[in-house]
Amino acid sequence: MLDRALTHLVKEIVEHPDEVSVTPVEGPRGDVLEIRVHPDDLGRVIGRGGRTAKALRAVIGALAKGGRVRVDVVDQDS
């Protein structure tokens with residue numbers, strides 16, 4: 001459910017919504033949601049000073065209801 005909510009939020013922000021993918025990954029320190037977007041949209045998802053990414057993390061954290069979920073924006077160029 002969290003991955004679908006995050007996908008919906010990110011698709012509303014970017015210019016290339018068809019290239020948005022959110023992948024749930026089981027990490028050693030809890031669940032991780034990895035966001036991948038078109039390279040031109042990376043700045044939109046991160047936002048100025050990381051504000052947009054921080055807001056996305058806050059929303060997903062609230063939806064997780066106390067569960068530990070990390071949200072990572074993956075740079076596909078590296």
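Look up: the structure comes first, before these words.
These remarks concern the structure in this document. (Residues numbered from 1 in each chain as written. Predicted model: local features only at pLDDT ≥ 70, side-chain atom pairs only at ≥ 80, totals over all residues. Heavy atoms only, no water.)

1. Let's talk about the overall build of the protein
Here comes step 1: Helix and strand content of the protein: 3 helices and 3 strands.
Here comes step 2: The C-alpha extent of the protein, read off along each of the three principal axes, is 30 × 25 × 20 Å.
Here comes step 3: Put simply, the protein has 78 residues, and 31% of those count as buried.
Here comes step 4: Of the roughly 5,200 Å² of accessible surface on the protein, a fraction of 49% belongs to carbon and sulfur atoms. (Helix = DSSP H or I, 4+ residues; strand = E, 2+ residues; numbered from the N terminus. Buried < 20%, exposed > 50% of the residue type's maximum accessible area, 1.4 Å probe, protein only. Areas by Shrake-Rupley, 256 points an atom, 1.4 Å probe, with all protein chains shown as cover.)

2. Observations concerning the sheet that holds strand 1 (residues 21–27)
Here comes step 1: Within the open sheet, the 3 strands sit side by side as 1-2-3. Their pairing is mixed. In the strand order of this sheet, the two ends are held by strand 1 and strand 3 (69–73), each with one partner. The mean inter-strand angle of the sheet, taken between neighbouring strand axes irrespective of direction, is 25 degrees.
Here comes step 2: Note: strand 2 (residues 30–36) against strand 3, 5 bridges, orientation parallel. If you follow Ile 35 over to strand 3, its bridge partner there is Val 73.
Here comes step 3: Packed on one face of the sheet, helix 1 (residues 2–13) meets strand 1, strand 2 and strand 3 and runs near 25 degrees to strand 2. (Pairing = 2+ DSSP bridges. Axes fitted to C-alpha atoms, helices over the stretch in contact; angles between N-to-C directions. Contact = heavy atoms within 4.5 Å.)

3. Examining the nonpolar core
Side chains of nonpolar character tend, in soluble globular proteins, to be buried together.
Here comes step 1: Counting residues in each nonpolar core, the largest one holds 15 residues, and the members touching the most others are Leu 6, Val 10, Ile 35 and Val 37.
Here comes step 2: For this core, the secondary-structure elements that each account for two or more residues are helix 1, strand 2, helix 2 (42–46) and helix 3 (51–63).
Here comes step 3: No other element matches the 3 residues that helix 1 contributes to this core.
Here comes step 4: Aside from chain neighbours lying at most four places away, what touches Val 10 is Val 20, Ile 35, Val 37, Val 45 and Leu 56. (Core = buried A, V, L, I, M, F, W, Y, C linked by side-chain atoms within 4.5 Å.)

4. Some thoughts on helix 3
Here comes step 1: In this model helix 3 runs 18 Å from its N-terminal to its C-terminal C-alpha over 13 residues, within 8% of the 18 Å that 1.5 Å per residue would give.
Here comes step 2: All of the buried residues in helix 3 are Ala 53, Leu 56 and Ile 60. Buried residues of helix 3, seen end-on, are gathered within an arc of 60 degrees and therefore sit on one face of the element. Turned more than 90 degrees away from the buried face of helix 3, the exposed residues are Arg 51, Lys 54, Ala 58 and Ala 62.
Here comes step 3: Among the structural elements, helix 1, strand 2, helix 2 and strand 3 are those in contact with the buried residues of helix 3. (Expected span 1.5 Å × (residues − 1). Arc of directions from axis to C-beta.)

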